[in-house]
Amino acid sequence: MAALFDYANPEYCAAVQAGYQAFLAPALVNYSDTLSDYTKKAAEALAPVAAKMIADMSSRQRTFCHGDYRADNLMFGAALGDGGIAALDWQISGRGHGLYDVAYLICGSVPPAQRRETERDLLRRYHDTLLAMGVENFSFEQCWQDYRYCVLAGLFVAIFTGGGMDLGNERGVEMLRTSAGRLDVAITELYQSSQLLTLMAGFHELAG
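What counts and how
Residues numbered from 1 in each chain as written. Predicted model: local features only at pLDDT ≥ 70, side-chain atom pairs only at ≥ 80, totals over all residues. Heavy atoms only, no water. Axes fitted to C-alpha atoms, helices over the stretch in contact; angles between N-to-C directions. Helix = DSSP H or I, 4+ residues; strand = E, 2+ residues; numbered from the N terminus. Parallel < 35°, antiparallel > 145°, perpendicular 65-115°, else oblique. Left-handed = near helix turned anticlockwise from the far one by under 90°. Contact = heavy atoms within 4.5 Å. Nonpolar A, V, L, I, M, F, W, Y, C, P; charged D, E, K, R; others polar. pLDDT = per-residue confidence, 0-100. Salt bridge = Lys/Arg side-chain N within 4 Å of Asp/Glu carboxyl O. Buried < 20%, exposed > 50% of the residue type's maximum accessible area, 1.4 Å probe, protein only.

Draft legend 1. Geometry of the packing of helix α6 (residues 140-152) against helix α8 (residues 170-190). Contact geometry for α6 and α8: axes closest at 9 Å, N-to-C directions at 135°. With respect to their mutual orientation, α6 and α8 come out oblique. Helix-helix and strand crossings are classified by hand; for α6 and α8 the assignment is left-handed. Together, Trp-144, Tyr-147, Arg-148, Val-151 and Leu-152 of α6 and Leu-183, Ala-186, Ile-187 and Leu-190 of α8 make up the contact between the two elements. A per-class count over the contact of α6 with α8 returns eight nonpolar, no polar and one charged.

Here it is, written out as structure tokens:
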């Protein structure tokens, strides 16, 4: 683990915040008909405290993270072994919060109706597996709250890709807009306005 890239690295966190602030305005223009006003306000509130959120999130229940764990980076088939699944594209993997990969996959790669129906069951299965593998002092309620927290972190990907990347083809643009739209629904449904404002206020206070 010590040899892996650390998402809580202060220089990395500061670089992400600088990039986020630079890409926020063009991303919101590109997402003008994709993100709700609620999510746009959340994205704006996150801009001055992005480094603090990454450092805080990445310092919690730490494990090895893929970093870009989505359907496009997964392959399925019997030839891949007993699990029948393999993950590609490990170039941004490192040490961070394990629930980030879970939240990113569920909220970005699963249609909202299916997510609503399955996400608690999927989180329960994930949590049960952690316990079976020896993880201690990590309740399901904490797992659920960390999942919600990491859903909000999906804004980093949405803003960077929507405001700072040339996807080069129509399919890439459609994939990006679909993922951003799913994230928008998840944030709106998993956070009441008062909860989101309280969370953002806490980061602003910590950031000084």
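Draft legend 2. Examining the confidence of the model for the protein more closely. Of all residues in the protein, 93% have pLDDT values of 70 or greater, and the mean over the chain is 90. The element-level mean pLDDT for the protein is lowest in helix α9 (residues 193-206), coming to 66, with helix α5 (residues 112-132) highest at 96.

Draft legend 3. Representation of the pattern of salt bridges in the model. The final tally for this structure, using the stated rule, is 11 salt bridges. Across the pair Arg-95 and Asp-6 runs a salt bridge, and its minimum N-O distance is 3.8 Å. Here Asp-6 lies in the segment before α1 (10-30) and Arg-95 lies in strand β4 (residues 94-97), a separation of 89 residues in the sequence. In this pair, the class of Arg-95 matches that of Asp-6, namely buried. In this structure, Asp-72 engages Arg-70 in a salt bridge whose closest nitrogen and oxygen atoms are separated by 3.7 Å. One connected set of salt bridges, linked through shared partners, spans Asp-68, Arg-70, Asp-72 and Arg-171.

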